[in-house]
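Examination of the molecular architecture
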Amino acid sequence: MGRHQPEPAGDTAGVTGQQDVRAWLADLARGSRHWIRGAVAAGVVAGVATIVQMALLAWIVHSGVVDGAPASELTPLFIGLILVLGLRALAQGVQSRLAALCSMQVRRDARRRINRYWRATGPVALAHSSAGTLAREWLDHVDALHGYFSRFLPQLTLSVALPLLILAVVFWLDWLAGLFLLLSAPLIPLFMALVGMGAEKLNQQHFETVSRLSGQFLDKVRGLTTLQLFGQTASAAELIRVRSDRYRQITMKTLRVAFLSSAVLEFFASVAIAVIAIYIGFGLLGYISFGPAEDLTLFSGLLILLLAPEFFQPLRTLSQHYHDRAAALGAGAEILARLRATRTDTHGNHPSSLPPTADDSAIVLTSLSLAFQDQGAVLDRISLTVPRGDVVALTGPSGGGKSSLLHLLAGFLAPDSGGLSVFGSPPGKVRFGWLGQKGFLVHGTWADNLRLTTPEASDIAIDSALRQVGLGPLLDNRPDGIYSAVSEDGQGLSGGQSRRLSLARIFLADYDLILLDEPTAGLDSDSEIFVLDALHKLAVAGKTLIFSTHHQALLTLATRVLLVSDGEVRDA
């Protein structure tokens, strides 16, 4: 049955329910619960130290002003105050450290899951997604989880535990003041919930917009030369301007919600504290005789006033971190949509079944079929055996399935049906060399690019591999030698030289199986000669070479030529 091409994650994130995202975040936190509990415990210790600090401060003032105690009697209280301040600072430091460790472990786990998805999906399916979008998910989306796990989750528990502790102390001192705090406390979570409903949606729109903008900007930069050749730079710049303005609007909406929520919460907290201050002031002056007001002292009244802001502080801190929750839900929706992209629609490289005749001395294909929705059957029940050491050329019309067959052998695609084994193992499980139609380079040096596949390679081995592919004269003319700079687009090298630099990796890694997709396509005659000579050396060395080509010289290099056409693979 045919399969369709995958949609970008940014377009499917909206279908991911918030309940699913919360469940995914909870699953991420499962392995870090001990760090979260430790951060909460440290926060509770800091909260208890704060209560003791305020009690000592109120007692010092009461003793000095009301009792007229001399400074010598107050010295132990001052020493205790300093010790409590140190304990509070230490507990807050431990809380921050444990929360950071939790966030680090969670983000490492999230990136590990994304990496597993990339590996399972394979390069062919991932090519349908913008590199900018993938990079954004790996970097910014995962980093957006930091505040949720390091600040919001611990503070969520502390915003309940600490106010309850303070409320118990205040009720012990004066039940009427405690009642004022108890009645005003629910207003803050209520407004947090109301504001959070809009903030979650805005943050998801923010992440979707910036993902699209990142991908489009990167695509435009990479294709800048082509855009200039066709006179389309102005329209491309206008598109980026429109998308950037859309991103600005979403960002400003998010900021407006954040500032509005902070202002509302500060207002209600200030009103509640003011009411308590008025009550205590009039109670101490004797203007209020109701309830426990007659029993108020400077110590109890001052302690209540000192504790009132601390009662609201955990809730205010939670409101400040509430945007971390909204950001995590938005980023989590994008990441989860990516992870849930069905690989049945992307021809991911999940293992195919091994044929019953799997042989560790040959590549065996048994009744293998592959189809795409827009093309129909590309390969239809083909059976093929390639003994180890053979040099096989795949030829045929463009779009006939040569590249798809190579992708199957590499494990980049999974067949719809049939069996495939590479030297007795599933495709992709055996080390192999790969050279696509466009060589892959990273920004760095020649040595950096060759060490991508062989990190432990010596300078001498790298030099030898480069000379094997005919880059010796160019290497000798470079003052930095193998440490000459090269960009990801091969700046400073011709197309043929870039292709040969990628081919040198295969010589350096010494693979037994080498797969090449049109290795001489688009090369000048000199580069073709060097590539042909390099492939001849590999064939003489007994390597198994399978390549697609229309080049007659490459066909003569092969020990077997296969025609791939109309879903069939047969000897030419």
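Everything discussed here concerns the structure shown above.
First, a word on what this report is: a plain description of the structure on this page. Everything quoted here is computed from the prediction, not taken from an experiment. (Residues numbered from 1 in each chain as written. Predicted model: local features only at pLDDT ≥ 70, side-chain atom pairs only at ≥ 80, totals over all residues. Heavy atoms only, no water.)

A short note on the packing of aromatic side chains
Within this structure, the stated rule accounts for 9 aromatic pairs. On the basis of an interplanar angle of 15 degrees and a centroid distance of 5.7 Å, the ring pair of Tyr148 and Phe152 is categorised as stacked. One end of the pair is Tyr148 and the other is Phe152, both in helix H6 (residues 146–173) and 4 residues apart, which spans about a single turn. Owing to a relative accessible area of 4%, Phe152 belongs among the buried residues under this scheme. Taken together, the aromatic side chains of Tyr148, Phe149 and Phe152 make up a single cluster linked through ring pairs. Note that Arg388 overlies the ring of Phe423, its terminal NZ or CZ placed 3.9 Å from the centroid. (Phe/Tyr/Trp six-rings, centres within 6.5 Å; stacked < 30°, edge-to-face > 60°. Helix = DSSP H or I, 4+ residues; strand = E, 2+ residues; numbered from the N terminus. Buried < 20%, exposed > 50% of the residue type's maximum accessible area, 1.4 Å probe, protein only. Lys NZ or Arg CZ within 6 Å of the ring centre and 35° of its normal.)

So, helix H18 (residues 525–540)
With 16 residues, H18 ought to run about 22 Å at 1.5 Å a step, and its terminal C-alpha atoms sit 23 Å apart, in line with that. Restricting attention to buried positions, one finds in H18 the residues Ser527, Glu528, Val531, Leu532, Ala534, Leu535, Leu538 and Ala539. Mapping the buried residues of H18 onto a view down its axis gives an arc of 165 degrees, with all of them on the same face. In H18, the exposed residues that point more than 90 degrees away from the buried face are Ser525, Asp526, Ile529 and Val540. If you follow the buried residues of H18, they end up packed against strand S3 (391–395), helix H15 (459–468), helix H17 (495–509), strand S8 (513–517), strand S9 (544–548) and helix H19 (552–557). Just downstream of H18 lies Gly542, where phi reads positive at about 85 degrees. (Expected span 1.5 Å × (residues − 1). Arc of directions from axis to C-beta. Contact = heavy atoms within 4.5 Å.)

Thoughts on unusual backbone geometry
The backbone of Arg381 shows a phi angle near 50 degrees, a positive value even though the residue is not glycine. Secondary-structure assignment places Arg381 in strand S2 (residues 376–387). With relative accessibility at 59%, the residue Arg381 sits in the exposed group. Residues other than glycine seldom take positive phi values, yet Glu518 does so here, at roughly 50 degrees. Looking at where Glu518 falls in the secondary structure, it is placed in the loop between S8 and H18. Since its relative accessible area comes to 12%, Glu518 is described here as buried.

Some points on the sheet that holds strand S1 (residues 362–372)
Spatially, the 3 strands line up as an open sheet ordered S2-S1-S4, and their pairing is antiparallel. The open sheet has two edge strands, S2 and strand S4 (417–422), and neither has a second partner. Across the sheet, the mean angle separating the axes of adjacent strands is 20 degrees when strand polarity is ignored. As defined by bridge partners, S1 adjoins S2 across 8 bridges and the pair is classed as antiparallel. Bridge pairing links Ala362 to Pro387 in S2. Across the sheet, helix H13 (residues 402–410) lies against S1, S2 and S4, angled at about 125 degrees from S1, the strand it touches most. (Pairing = 2+ DSSP bridges. Axes fitted to C-alpha atoms, helices over the stretch in contact; angles between N-to-C directions.)

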